[in-house]
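What follows is each chain in one-letter form.
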Amino acid sequence: AMEKVSKDGVITIEESKTSNTYVEVNGGSITKLYGGGKEALVNQSNITVNNTDQINRIYGGGYAGNIASDTNIEVNDGLIIYIFGGGYSGDVTGNTNIEVNAGKITDIYGGGYVGDVLENANIAVNGAEIANIYGGGYQGAIDKETIINVNDGFIESIYGGGFEGNVINNTNINILGGTISNNIYGGGYEGNVNKNTYINVVDGIINGSIYGGGYAGNIINNVYIEFINGQVDKNIFGVELPECDVA
């Protein structure tokens, strides 16, 4: 595979067929970074960001190019606006895996931007300041499950589902530490969950409320909330009405 850097700061992996791609960022500014190919198939993509002045968008997948297996994104520091585990109008056949250890990020999407994930979307947060986490995609579907594990960090809002993107199976949110300054939603933001939502709070501080359902998104089966320890400053609701319904 070849890295091609254009004049506008876009990094694209080109001339890839079924190879693996590895991109490491240690500084500087990038407009868009694609782990996958431009209208080309890549087997597996691996992106590591150790530091950066700013990256506007990171896509684990490709630009209208599919990933044959998994995408892996690791962030250790730096300023990033959007992270998509999947591709831009490209599908991921396997899983998407996002691990954030430090840095400042606006929005994280486990899925793609108008691109589907055929297996699971996994997000692990061990630190960092994050505005919103969406387990699913931006107008892209997750065919199996979304799993969000928060061990530490400062996050405003968490949605188990997608932003106008559906989750075909279950959503899973596990809070093991950290601070959530706003709300946790088991479902999506105007995105449906076709099976169940699971929220498990073992520890951590939630300044807002916990909603088992979504924000303007439906849950087809059931809502499960388990609260073991930690702090919720407001309320725990099975769903939020009238925006959300459980069928």
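A short tour of the structure in this document, coming up. Just so it is clear, the structure is predicted and the values come from calculations on it, not from any experiment. (Residues numbered from 1 in each chain as written. Predicted model: local features only at pLDDT ≥ 70, side-chain atom pairs only at ≥ 80, totals over all residues. Heavy atoms only, no water.)

1. Structural notes on the overall build of the protein
Within the protein, the regular secondary structure consists of zero helices and 23 strands. Across the 247 residues of the protein, 50% fall into the buried class. A separation threshold of at least 6 residues defines the contact pool for the protein, and within that pool the share at least 24 residues apart is 78%. (Helix = DSSP H or I, 4+ residues; strand = E, 2+ residues; numbered from the N terminus. Buried < 20%, exposed > 50% of the residue type's maximum accessible area, 1.4 Å probe, protein only. Contact = heavy atoms within 4.5 Å.)

2. Considering the pairing of strand β9 (residues 96–100)
Burial along β9 is one-sided: the face carrying T96, I98 and V100 is buried and the face carrying N97 and E99 is not. In the sheet, strand β7 (residues 71–75) pairs with β9 via five bridges, with the strands oriented parallel. In the strand pairing of β9, N72 is matched with N97. Where β9 and strand β11 (residues 121–125) come together, five bridges link them in parallel fashion. The partner of I98 across the bridge, within β11, is I123. (Pairing = 2+ DSSP bridges.)

3. Digging into the sheet that holds β7
Across the sheet, nine strands lie side by side as β3-β5-β7-β9-β11-β13-β15-β18-β21; this open sheet has parallel pairing. Of all strands in the sheet, those with a lone pairing partner are β3 (20–25) and β21 (223–227), marking the two edges. This sheet shows a mean twist of 5° between the axes of neighbouring strands, independent of strand direction. Pairing of strand β5 (residues 44–49) with β7 involves five bridges; the strand directions are parallel. Looking across to β7, one finds that T48 is bridged to E74. (Axes fitted to C-alpha atoms, helices over the stretch in contact; angles between N-to-C directions.)

4. Brief notes about the pairing of strand β13 (residues 146–150)
With four of its five residues buried, β13 lies for the most part within the structure. Inspection of the sheet shows β11 paired to β13 by five bridges, in the parallel sense. Bridging across to β13, N122 finds its partner in I147. Sheet analysis places β13 next to strand β15 (residues 171–175), joined by five bridges and oriented parallel. In the strand pairing of β15, I148 is matched with I173.

5. What to know about unusual backbone geometry
Unusually for a residue other than glycine, E39 sits at a positive phi of about 55°. Here E39 lies in the loop between β4 (29–37) and β5. Positive phi values are uncommon outside glycine, yet S89 reaches one of about 55°. Mapped onto the secondary structure, S89 falls in the loop between β8 (79–84) and β9. For S89, a relative accessible area of 39% corresponds to the partly exposed category.

6. Observations concerning the nonpolar core
Grouped together as the largest cluster of nonpolar side chains are 33 residues, with contacts concentrated most on I58, I83, I108, I130, I133, I158 and I184. When sequence neighbours within four positions are dropped, the list of residues in contact with I184 reads I158, I173, I175, I199, I206, S209, I210 and Y211. (Core = buried A, V, L, I, M, F, W, Y, C linked by side-chain atoms within 4.5 Å.)

7. Quick look at the pattern of salt bridges
Two side chains with opposite charge may pair up if their charged atoms get near one another. All chains considered together, the criterion is met by one salt bridge. Where K144 meets E119, a salt bridge forms, and the shortest distance between an N and an O atom there is 3.0 Å. One end of the pair, K144, is in the loop between β12 (129–134) and β13; the other, E119, is in the loop between β10 (104–109) and β11, with 25 residues separating them in the sequence. (Salt bridge = Lys/Arg side-chain N within 4 Å of Asp/Glu carboxyl O.)

8. A word on the environment of K32
One can find K32 in strand β4. K32 sits 25 residues away from R57 along the chain, and the two C-alpha atoms are 4.8 Å apart.

9. Examining the packing of aromatic side chains
The full count for this structure, using the stated rule, is 23 aromatic pairs. Measuring from centroid to centroid gives 5.8 Å for F84 and Y113, while their planes differ by 90°, and the two rings are edge-to-face. Here the residue F84 occupies a position in strand β8, and Y113 occupies one in the loop between β10 and β11, the gap between them amounting to 29 residues. Overall, F84 belongs to the buried group, its relative accessible area being 2%. When the ring of Y198 is compared with that of Y224, the centres are 5.0 Å apart and the planes differ by 10°; the resulting orientation is stacked. Residue Y198 is located in strand β18 (residues 197–201), and its partner Y224 is located in strand β21; the two are separated by 26 residues in the primary sequence. For Y198, a relative accessible area of 31% gives the class partly exposed. (Phe/Tyr/Trp six-rings, centres within 6.5 Å; stacked < 30°, edge-to-face > 60°.)

Shape is all these values report; function is a separate question.
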